[in-house]
Amino acid sequence: MLRDSFGRVATDLRVSLTDKCNLRCSYCMPPEGLDWLPNSQLLTADEIVRLVTIGVERLGIREVRYTGGEPLLRRELPDIVARTTALTPRPQVSLTTNGIGLARLAAPLAAAGLGRVNVSLDTLDRDTFKKLAHRDRFTDVIAGMAAAHDAGLRPVKVNAVLMRDVNQHEAVPLLRYCLQQGYELRFIEQMPLDAQHGWSRDTMVTADEILDLLSAAFTLTPDESEDRGSAPAERFLVDGGPGRVGVIGSVTRPFCGACDRVRLTADGQIRNCLFATEESDLKSAMRAGATDDDLAQRWLAAVARKRPGHGIDDPSFLQPARPMSAIGG
Ligand code: SAM
Ligand code: SF4
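Rules used in this analysis
Residues numbered from 1 in each chain as written. Chains lettered and ligands numbered in written order. Predicted model: local features only at pLDDT ≥ 70, side-chain atom pairs only at ≥ 80, totals over all residues. Heavy atoms only, no water. Near = heavy atom within 4 Å. Nonpolar A, V, L, I, M, F, W, Y, C, P; charged D, E, K, R; others polar. Polar contact = N/O pair within 3.5 Å; in protein donor to acceptor, adjacent residues only side chain to side chain. Areas by Shrake-Rupley, 256 points an atom, 1.4 Å probe, with all protein chains shown as cover. Helix = DSSP H or I, 4+ residues; strand = E, 2+ residues; numbered from the N terminus. Contact = heavy atoms within 4.5 Å. Buried < 20%, exposed > 50% of the residue type's maximum accessible area, 1.4 Å probe, protein only. Pairing = 2+ DSSP bridges. Axes fitted to C-alpha atoms, helices over the stretch in contact; angles between N-to-C directions. Phe/Tyr/Trp six-rings, centres within 6.5 Å; stacked < 30°, edge-to-face > 60°. Expected span 1.5 Å × (residues − 1). Arc of directions from axis to C-beta. Disulfide = S-S within 2.5 Å. Right-handed = clockwise from strand over helix to strand, strands pointing away.

K.L.:
Run through the site of ligand 2, naming residues and quoting values.
P.N.:
Taken together, the residues surrounding ligand 2 are Cys21, Leu23, Arg24, Cys25, Tyr27, Cys28, Met29, Gly69 and Asn98. Residues of the shell around ligand 2, tallied by class, amount to 6 nonpolar, 2 polar and 1 charged.

This is how it looks when you write it as C-alpha coordinates:
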(Lines give C-alpha, C1' and ligand atoms only; values in the text may rest on other atoms or scores of the structure.)
(Ligands and ions follow the chains in the order given, each with its own letter.)
Protein backbone atom coordinates (compact mmCIF):
# COMPACT_ATOMS: atom_id res chain seq x y z
CA MET A 1 0.00 0.00 0.00
CA LEU A 2 1.06 3.56 -0.61
CA ARG A 3 1.26 4.60 3.04
CA ASP A 4 2.93 7.78 4.23
CA SER A 5 4.59 8.38 7.57
CA PHE A 6 1.39 9.94 8.96
CA GLY A 7 -0.64 6.80 8.23
CA ARG A 8 -2.52 8.15 5.22
CA VAL A 9 -2.95 5.66 2.37
CA ALA A 10 -3.07 6.85 -1.24
CA THR A 11 -5.71 5.00 -3.26
CA ASP A 12 -6.67 7.77 -5.71
CA LEU A 13 -4.28 8.34 -8.62
CA ARG A 14 -4.53 11.52 -10.70
CA VAL A 15 -2.78 11.17 -14.03
CA SER A 16 -1.98 14.18 -16.18
CA LEU A 17 -2.08 13.12 -19.82
CA THR A 18 -0.68 16.35 -21.22
CA ASP A 19 0.29 19.80 -20.01
CA LYS A 20 -1.17 21.39 -23.16
CA CYS A 21 -4.50 23.13 -23.19
CA ASN A 22 -6.87 24.79 -25.64
CA LEU A 23 -8.07 27.33 -23.05
CA ARG A 24 -6.15 29.89 -21.03
CA CYS A 25 -8.15 30.22 -17.80
CA SER A 26 -6.60 33.17 -16.04
CA TYR A 27 -6.32 31.38 -12.67
CA CYS A 28 -4.29 28.67 -14.42
CA MET A 29 -2.07 30.07 -17.16
CA PRO A 30 -1.21 33.27 -19.05
CA PRO A 31 -3.02 34.20 -22.29
CA GLU A 32 0.04 33.37 -24.37
CA GLY A 33 0.17 29.84 -22.98
CA LEU A 34 3.26 28.14 -21.61
CA ASP A 35 6.33 26.37 -22.92
CA TRP A 36 4.75 22.95 -23.39
CA LEU A 37 6.71 19.81 -22.64
CA PRO A 38 8.31 18.39 -25.79
CA ASN A 39 6.48 15.29 -27.05
CA SER A 40 9.52 13.13 -26.36
CA GLN A 41 9.15 13.95 -22.65
CA LEU A 42 5.48 12.94 -22.46
CA LEU A 43 4.69 9.42 -21.36
CA THR A 44 3.39 7.31 -24.24
CA ALA A 45 0.02 5.59 -23.88
CA ASP A 46 1.83 2.30 -23.20
CA GLU A 47 3.98 3.91 -20.51
CA ILE A 48 0.92 5.46 -18.86
CA VAL A 49 -0.91 2.15 -18.86
CA ARG A 50 2.16 0.35 -17.49
CA LEU A 51 2.44 2.73 -14.53
CA VAL A 52 -1.31 2.74 -13.88
CA THR A 53 -1.23 -1.07 -13.92
CA ILE A 54 1.54 -1.11 -11.31
CA GLY A 55 -0.50 1.31 -9.21
CA VAL A 56 -3.67 -0.77 -9.43
CA GLU A 57 -2.28 -4.28 -9.32
CA ARG A 58 0.52 -3.81 -6.78
CA LEU A 59 -0.03 -0.62 -4.84
CA GLY A 60 -3.71 -0.51 -3.98
CA ILE A 61 -4.87 2.27 -6.33
CA ARG A 62 -8.65 2.00 -6.60
CA GLU A 63 -9.54 5.18 -8.45
CA VAL A 64 -7.84 6.68 -11.51
CA ARG A 65 -8.65 10.17 -12.72
CA TYR A 66 -7.29 11.38 -16.06
CA THR A 67 -6.65 15.10 -16.20
CA GLY A 68 -4.16 17.66 -17.50
CA GLY A 69 -3.74 20.22 -19.10
CA GLU A 70 -6.63 19.16 -21.26
CA PRO A 71 -6.88 15.36 -21.37
CA LEU A 72 -9.24 15.33 -24.38
CA LEU A 73 -6.31 16.59 -26.45
CA ARG A 74 -4.74 13.11 -26.16
CA ARG A 75 -6.09 11.15 -29.10
CA GLU A 76 -5.43 7.84 -27.36
CA LEU A 77 -7.72 8.73 -24.43
CA PRO A 78 -10.53 6.21 -25.19
CA ASP A 79 -7.90 3.49 -25.58
CA ILE A 80 -6.17 4.47 -22.32
CA VAL A 81 -9.53 4.43 -20.52
CA ALA A 82 -10.47 1.03 -21.98
CA ARG A 83 -7.13 -0.45 -20.93
CA THR A 84 -7.51 1.02 -17.45
CA THR A 85 -11.01 -0.33 -16.91
CA ALA A 86 -9.80 -3.78 -18.05
CA LEU A 87 -7.43 -4.01 -15.05
CA THR A 88 -8.09 -6.31 -12.10
CA PRO A 89 -9.29 -5.21 -9.62
CA ARG A 90 -11.16 -2.82 -11.87
CA PRO A 91 -10.54 0.76 -10.71
CA GLN A 92 -13.09 3.53 -10.96
CA VAL A 93 -12.04 5.71 -13.86
CA SER A 94 -12.99 9.35 -14.20
CA LEU A 95 -11.98 12.42 -16.17
CA THR A 96 -11.53 16.12 -15.44
CA THR A 97 -11.91 18.17 -18.60
CA ASN A 98 -12.78 21.62 -19.87
CA GLY A 99 -15.44 19.93 -22.01
CA ILE A 100 -14.14 21.03 -25.43
CA GLY A 101 -14.52 17.98 -27.68
CA LEU A 102 -16.63 16.11 -25.16
CA ALA A 103 -19.70 16.40 -27.41
CA ARG A 104 -17.92 13.99 -29.79
CA LEU A 105 -16.05 11.91 -27.23
CA ALA A 106 -18.56 11.36 -24.41
CA ALA A 107 -20.17 8.28 -25.98
CA PRO A 108 -16.88 6.53 -26.95
CA LEU A 109 -15.48 7.28 -23.49
CA ALA A 110 -18.58 5.88 -21.78
CA ALA A 111 -18.27 2.79 -24.01
CA ALA A 112 -14.63 2.46 -22.92
CA GLY A 113 -15.82 2.22 -19.31
CA LEU A 114 -15.37 5.79 -18.10
CA GLY A 115 -17.46 6.16 -14.95
CA ARG A 116 -17.66 9.87 -14.25
CA VAL A 117 -16.67 13.23 -15.63
CA ASN A 118 -15.95 16.60 -14.08
CA VAL A 119 -16.34 19.52 -16.46
CA SER A 120 -15.01 22.95 -15.59
CA LEU A 121 -17.41 25.84 -16.11
CA ASP A 122 -16.93 29.17 -14.36
CA THR A 123 -19.57 31.30 -16.04
CA LEU A 124 -22.85 31.19 -17.94
CA ASP A 125 -22.01 34.27 -19.93
CA ARG A 126 -20.26 33.85 -23.25
CA ASP A 127 -18.41 37.17 -23.01
CA THR A 128 -17.21 36.48 -19.50
CA PHE A 129 -16.07 33.04 -20.66
CA LYS A 130 -14.08 34.67 -23.45
CA LYS A 131 -12.52 37.10 -21.02
CA LEU A 132 -11.74 34.48 -18.41
CA ALA A 133 -10.52 31.66 -20.69
CA HIS A 134 -9.24 33.80 -23.58
CA ARG A 135 -11.08 31.61 -26.09
CA ASP A 136 -14.63 31.79 -27.44
CA ARG A 137 -15.55 28.18 -26.61
CA PHE A 138 -18.49 28.55 -24.22
CA THR A 139 -20.98 26.74 -26.47
CA ASP A 140 -18.60 23.78 -26.93
CA VAL A 141 -18.41 23.34 -23.16
CA ILE A 142 -22.18 23.46 -22.73
CA ALA A 143 -22.60 20.93 -25.56
CA GLY A 144 -19.93 18.71 -24.00
CA MET A 145 -21.68 18.63 -20.64
CA ALA A 146 -25.02 17.74 -22.27
CA ALA A 147 -23.37 14.95 -24.29
CA ALA A 148 -21.77 13.51 -21.14
CA HIS A 149 -25.16 13.54 -19.40
CA ASP A 150 -26.81 11.86 -22.42
CA ALA A 151 -24.04 9.25 -22.59
CA GLY A 152 -24.91 8.22 -19.02
CA LEU A 153 -21.88 9.79 -17.30
CA ARG A 154 -24.19 10.99 -14.52
CA PRO A 155 -24.28 13.00 -12.51
CA VAL A 156 -22.02 15.27 -14.50
CA LYS A 157 -19.95 17.15 -11.94
CA VAL A 158 -19.19 20.76 -12.68
CA ASN A 159 -16.12 22.52 -11.25
CA ALA A 160 -16.26 26.30 -10.85
CA VAL A 161 -13.61 28.69 -9.57
CA LEU A 162 -14.94 32.08 -8.49
CA MET A 163 -12.83 35.19 -8.84
CA ARG A 164 -13.55 38.54 -7.30
CA ASP A 165 -14.95 41.11 -9.73
CA VAL A 166 -14.92 38.55 -12.55
CA ASN A 167 -17.55 35.86 -11.96
CA GLN A 168 -18.23 35.98 -8.24
CA HIS A 169 -21.75 37.28 -8.95
CA GLU A 170 -22.50 34.07 -10.87
CA ALA A 171 -22.48 31.73 -7.87
CA VAL A 172 -26.27 31.60 -7.66
CA PRO A 173 -27.02 31.43 -11.43
CA LEU A 174 -24.42 28.68 -11.85
CA LEU A 175 -26.03 26.63 -9.11
CA ARG A 176 -29.52 27.22 -10.48
CA TYR A 177 -28.38 26.12 -13.95
CA CYS A 178 -26.69 22.96 -12.67
CA LEU A 179 -29.71 21.99 -10.58
CA GLN A 180 -31.96 22.42 -13.63
CA GLN A 181 -29.71 20.28 -15.80
CA GLY A 182 -29.19 17.56 -13.18
CA TYR A 183 -25.47 18.37 -12.81
CA GLU A 184 -23.66 18.49 -9.48
CA LEU A 185 -21.81 21.77 -8.98
CA ARG A 186 -18.70 22.16 -6.83
CA PHE A 187 -17.00 25.44 -6.16
CA ILE A 188 -13.22 25.25 -5.75
CA GLU A 189 -11.31 27.93 -3.90
CA GLN A 190 -8.66 29.48 -6.11
CA MET A 191 -5.24 28.09 -5.18
CA PRO A 192 -1.70 29.46 -5.65
CA LEU A 193 -0.97 27.20 -8.60
CA ASP A 194 -1.16 29.55 -11.57
CA ALA A 195 1.84 29.81 -13.84
CA GLN A 196 1.90 33.63 -13.52
CA HIS A 197 2.05 33.53 -9.69
CA GLY A 198 -0.82 36.02 -9.63
CA TRP A 199 -2.75 34.40 -6.74
CA SER A 200 -3.28 36.47 -3.64
CA ARG A 201 -5.04 35.48 -0.47
CA ASP A 202 -6.49 38.97 -0.18
CA THR A 203 -8.44 38.67 -3.41
CA MET A 204 -9.43 35.01 -3.41
CA VAL A 205 -13.10 34.21 -2.85
CA THR A 206 -13.20 32.01 0.25
CA ALA A 207 -15.43 29.02 1.02
CA ASP A 208 -17.20 31.13 3.67
CA GLU A 209 -17.98 33.81 1.11
CA ILE A 210 -19.22 31.24 -1.41
CA LEU A 211 -21.57 29.78 1.19
CA ASP A 212 -22.80 33.28 2.08
CA LEU A 213 -23.47 34.07 -1.58
CA LEU A 214 -25.44 30.84 -2.04
CA SER A 215 -27.30 31.19 1.23
CA ALA A 216 -28.84 34.44 0.00
CA ALA A 217 -30.85 32.42 -2.52
CA PHE A 218 -30.96 28.84 -1.22
CA THR A 219 -31.24 26.98 2.07
CA LEU A 220 -28.14 24.85 2.48
CA THR A 221 -27.99 21.99 4.94
CA PRO A 222 -24.96 19.74 5.39
CA ASP A 223 -25.46 16.53 3.41
CA GLU A 224 -24.94 13.73 5.87
CA SER A 225 -26.18 10.98 3.56
CA GLU A 226 -22.67 9.65 3.09
CA ASP A 227 -19.47 9.86 5.05
CA ARG A 228 -17.25 12.60 3.64
CA GLY A 229 -14.23 10.31 4.04
CA SER A 230 -11.35 11.74 2.05
CA ALA A 231 -13.61 13.72 -0.31
CA PRO A 232 -12.39 17.32 -0.52
CA ALA A 233 -15.86 18.77 -1.11
CA GLU A 234 -18.10 19.67 1.79
CA ARG A 235 -21.50 18.80 0.41
CA PHE A 236 -24.78 20.55 1.08
CA LEU A 237 -28.37 19.72 0.19
CA VAL A 238 -29.99 22.61 -1.62
CA ASP A 239 -33.46 23.56 -0.36
CA GLY A 240 -33.79 20.17 1.36
CA GLY A 241 -32.46 18.17 -1.62
CA PRO A 242 -32.20 16.09 -3.64
CA GLY A 243 -30.09 18.71 -5.46
CA ARG A 244 -26.65 19.20 -3.92
CA VAL A 245 -23.71 21.56 -4.08
CA GLY A 246 -20.12 21.09 -2.96
CA VAL A 247 -17.55 23.59 -1.74
CA ILE A 248 -13.88 22.69 -1.84
CA GLY A 249 -12.04 24.96 0.57
CA SER A 250 -8.56 23.82 -0.38
CA VAL A 251 -6.98 26.94 1.10
CA THR A 252 -9.16 28.00 4.03
CA ARG A 253 -10.52 24.56 4.99
CA PRO A 254 -7.68 22.20 4.10
CA PHE A 255 -8.36 18.47 4.08
CA CYS A 256 -4.73 17.30 3.99
CA GLY A 257 -5.21 15.07 7.05
CA ALA A 258 -7.59 12.83 5.09
CA CYS A 259 -5.81 13.07 1.72
CA ASP A 260 -5.74 9.81 -0.27
CA ARG A 261 -4.24 11.18 -3.51
CA VAL A 262 -1.06 10.74 -5.42
CA ARG A 263 -0.23 12.27 -8.78
CA LEU A 264 1.57 11.24 -11.93
CA THR A 265 2.60 14.10 -14.21
CA ALA A 266 2.48 13.92 -18.00
CA ASP A 267 6.26 13.49 -18.03
CA GLY A 268 6.20 10.60 -15.60
CA GLN A 269 6.99 12.21 -12.24
CA ILE A 270 5.26 11.00 -9.09
CA ARG A 271 4.12 13.87 -6.88
CA ASN A 272 2.80 13.08 -3.44
CA CYS A 273 0.92 16.42 -3.22
CA LEU A 274 -0.29 19.20 -5.54
CA PHE A 275 1.99 21.49 -3.56
CA ALA A 276 4.98 19.14 -3.35
CA THR A 277 8.32 20.68 -4.21
CA GLU A 278 9.90 17.28 -4.88
CA GLU A 279 9.09 14.71 -7.53
CA SER A 280 10.17 11.14 -8.16
CA ASP A 281 11.18 10.44 -11.76
CA LEU A 282 9.57 7.17 -12.84
CA LYS A 283 9.87 7.98 -16.54
CA SER A 284 13.68 8.06 -16.61
CA ALA A 285 13.82 4.92 -14.49
CA MET A 286 11.34 3.19 -16.79
CA ARG A 287 13.21 4.27 -19.93
CA ALA A 288 16.49 3.07 -18.37
CA GLY A 289 15.00 -0.41 -18.00
CA ALA A 290 13.60 -0.47 -14.45
CA THR A 291 11.46 -3.49 -13.62
CA ASP A 292 7.89 -3.19 -12.34
CA ASP A 293 9.27 -4.04 -8.89
CA ASP A 294 11.82 -1.19 -9.05
CA LEU A 295 9.14 1.25 -10.16
CA ALA A 296 6.79 0.15 -7.37
CA GLN A 297 9.58 0.63 -4.80
CA ARG A 298 10.32 4.16 -6.05
CA TRP A 299 6.63 5.01 -5.95
CA LEU A 300 6.28 3.68 -2.38
CA ALA A 301 9.28 5.75 -1.28
CA ALA A 302 7.87 8.90 -2.92
CA VAL A 303 4.56 8.57 -1.05
CA ALA A 304 6.30 7.73 2.24
CA ARG A 305 7.89 11.23 2.13
CA LYS A 306 4.55 13.06 1.91
CA ARG A 307 4.36 16.07 4.20
CA PRO A 308 1.48 16.50 6.67
CA GLY A 309 -0.07 19.44 4.82
CA HIS A 310 0.28 21.96 2.01
CA GLY A 311 1.43 24.71 4.35
CA ILE A 312 -0.08 27.61 2.37
CA ASP A 313 -0.49 29.41 5.70
CA ASP A 314 3.11 28.81 6.67
CA PRO A 315 5.32 31.92 6.20
CA SER A 316 7.88 29.66 4.52
CA PHE A 317 5.34 28.41 1.92
CA LEU A 318 6.75 28.24 -1.58
CA GLN A 319 4.49 27.85 -4.60
CA PRO A 320 5.57 24.73 -6.52
CA ALA A 321 7.66 25.40 -9.61
CA ARG A 322 5.19 23.60 -11.84
CA PRO A 323 1.75 25.15 -12.41
CA MET A 324 -1.50 23.21 -12.03
CA SER A 325 -1.73 22.53 -15.76
CA ALA A 326 1.60 20.68 -15.68
CA ILE A 327 0.91 18.80 -12.46
CA GLY A 328 -2.58 17.62 -13.27
CA GLY A 329 -5.42 19.22 -11.35
N1 SAM B 1 -8.32 21.23 -18.30
C2 SAM B 1 -9.12 20.45 -17.43
C3 SAM B 1 -10.14 21.31 -16.72
O4 SAM B 1 -10.02 22.53 -16.75
O5 SAM B 1 -11.04 20.74 -16.11
C6 SAM B 1 -8.35 19.64 -16.43
C7 SAM B 1 -7.18 20.29 -15.77
S8 SAM B 1 -7.55 21.67 -14.72
C9 SAM B 1 -5.95 22.10 -14.13
C10 SAM B 1 -8.37 20.84 -13.37
C11 SAM B 1 -9.20 21.71 -12.46
O12 SAM B 1 -8.33 22.58 -11.79
C13 SAM B 1 -10.22 22.58 -13.18
O14 SAM B 1 -11.49 22.37 -12.60
C15 SAM B 1 -9.74 23.98 -12.91
O16 SAM B 1 -10.81 24.87 -12.77
C17 SAM B 1 -8.97 23.82 -11.64
N18 SAM B 1 -7.94 24.83 -11.44
C19 SAM B 1 -6.98 25.25 -12.29
N20 SAM B 1 -6.21 26.19 -11.72
C21 SAM B 1 -6.71 26.38 -10.47
C22 SAM B 1 -6.35 27.22 -9.38
N23 SAM B 1 -5.33 28.07 -9.45
N24 SAM B 1 -7.07 27.13 -8.24
C25 SAM B 1 -8.11 26.26 -8.15
N26 SAM B 1 -8.50 25.45 -9.14
C27 SAM B 1 -7.80 25.51 -10.28
FE1 SF4 C 1 -6.81 24.56 -19.43
FE2 SF4 C 1 -8.01 23.41 -17.38
FE3 SF4 C 1 -6.03 25.22 -17.00
FE4 SF4 C 1 -8.36 26.05 -17.93
S5 SF4 C 1 -8.00 25.09 -15.92
S6 SF4 C 1 -6.34 26.63 -18.74
S7 SF4 C 1 -9.02 24.37 -19.15
S8 SF4 C 1 -5.83 23.23 -17.89
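K.L.:
Can you break down the site of ligand 1 residue by residue, with the values?
P.N.:
Among the 18 residues in the neighbourhood of ligand 1, the closest are listed as Tyr27, Gly69, Glu70, Ser120 and Met191. Interatomic distance of 2.6 Å between a side-chain N/O atom of Ser120 and an oxygen atom of ligand 1. In the complex, 96% of the free accessible area of ligand 1, which totals 540 Å², lies under the protein chains. Class assignment for the residues of the shell around ligand 1 results in 6 nonpolar, 10 polar and 2 charged.

K.L.:
Talk me through the side chain of Arg244; I want residue IDs and the actual numbers.
P.N.:
With respect to the helices and strands, the residue Arg244 is situated in strand β11 (residues 244-248). One polar contact links Arg244 to Glu184, side chain to side chain, over a distance of 3.4 Å. Those residues in contact with Arg244, other than ones at most four positions away along the chain, are Leu175, Leu179, Glu184, Leu185, Asp223, Ser225, Glu226, Arg235, Phe236, Leu237 and Val238.

K.L.:
Lay out unusual backbone geometry in plain terms, naming residues and giving numbers.
P.N.:
Residue Pro155 is bonded to the preceding Arg154 through a cis peptide linkage, with omega at -10°. For the bond from Gly241 to Pro242, the omega torsion is 5°, close enough to zero to count as cis. The residue Pro242 is located in the loop between β10 (234-238) and β11 in this model. Of note, His134 is a non-glycine position whose phi angle comes to about 60°, a positive value. Relative to the helices and strands, His134 resides in the loop between α4 (126-133) and α5 (138-150). With relative accessibility at 31%, the residue His134 sits in the partly exposed group. A positive phi angle, near 65°, is found at Asp165, a position not held by glycine.

K.L.:
Pulling in residues and values, what's your account of the environment of Leu220?
P.N.:
One can find Leu220 in strand β9 (residues 220-222). For the pair Leu220 and Leu237, spaced 17 residues apart in sequence, the C-alpha separation works out to 5.6 Å. Beyond its immediate stretch of four places on either side in the chain, Leu220 contacts Leu211, Leu214, Ser215, Phe236, Leu237, Val238 and Val245.

K.L.:
So, the sheet that holds strand β8 (residues 184-188): which residues are in play, and what are the values?
P.N.:
Within the open sheet, the 12 strands sit side by side as β9-β10-β11-β8-β7-β6-β5-β4-β3-β12-β13-β14. Their pairing is mixed. One side of each edge strand has no neighbouring strand; the edge strands of this open sheet are β9 and β14 (280-281). In this sheet, strand β4 (residues 63-67) lies alongside strand β3 (residues 12-16) in parallel orientation, the contact comprising 5 bridges. Paired with Ser16 across the bridge in β4 is Thr67. In the packing of helix α1 (residues 45-59) onto the sheet, contacts are made with β3, β4 and β12 (261-264), and the angle to β4 comes to roughly 155°.

K.L.:
Quick one: what's the story with the packing of aromatic side chains, residue by residue and with numbers?
P.N.:
Under the counting rule described, the total for this entry stands at 2 aromatic pairs. Between the aromatic rings of Tyr177 and Tyr183, the centroid separation amounts to 6.3 Å while the plane-to-plane angle is 70°, which identifies the pairing as edge-to-face. Tyr183 matches Tyr177 in its accessibility class, with the two residues each being buried.

K.L.:
An account of helix α9 (residues 292-304) is needed here, citing residue identities and associated values.
P.N.:
For α9, spanning 13 residues, the distance from its first C-alpha to its last is 18 Å, which sits close to the expected 18 Å at 1.5 Å a residue. Along α9, the residues classified as buried are Leu295, Ala296, Trp299, Ala302 and Val303. In an axial view of α9, the angular spread of the buried residues amounts to 125°, which keeps them on one side of the axis.

K.L.:
I'd like a rundown of the state of the cysteines, residues and numbers included.
P.N.:
In the structure shown here, the tally under the stated rule is 0 disulfides. Here Cys259 stays unpaired: no disulfide links it, and the sulfur of Cys273, its closest cysteine neighbor, is 6.7 Å away.

K.L.:
Can you break down the side chain of Arg74 residue by residue, with the values?
P.N.:
Note on placement: Arg74 falls in the loop between β4 and α2 (77-85). A relative accessible area of 9% places Arg74 in the buried class. Within the structure, the side chain of Arg74 is placed 3.0 Å from the backbone oxygen of Leu43, a separation counted as a polar contact. A polar contact of 3.0 Å, which involves the side chain of Arg74, links it to the side chain of Glu76. Non-local contacts of Arg74, meaning those with residues more than four positions away in its chain, are made with Leu17, Thr18, Leu42, Leu43, Thr44, Ala45 and Ile48.

K.L.:
A description of the pairing of strand β6 (residues 116-120) should follow, citing residues and the corresponding values.
P.N.:
Here strand β5 (residues 92-97) runs beside β6; their pairing, made up of 4 bridges, is parallel. The residue of β6 that forms the bridge with Thr97 is Val119. As for the winding sense of the linkage, the β-α-β connection from β5 through helix α3 (residues 102-111) to β6 is right-handed. Sheet topology places β6 next to strand β7 (residues 157-160); 3 bridges connect them, and they run parallel. Directly across from Asn118, in β7, lies its bridge partner Lys157.

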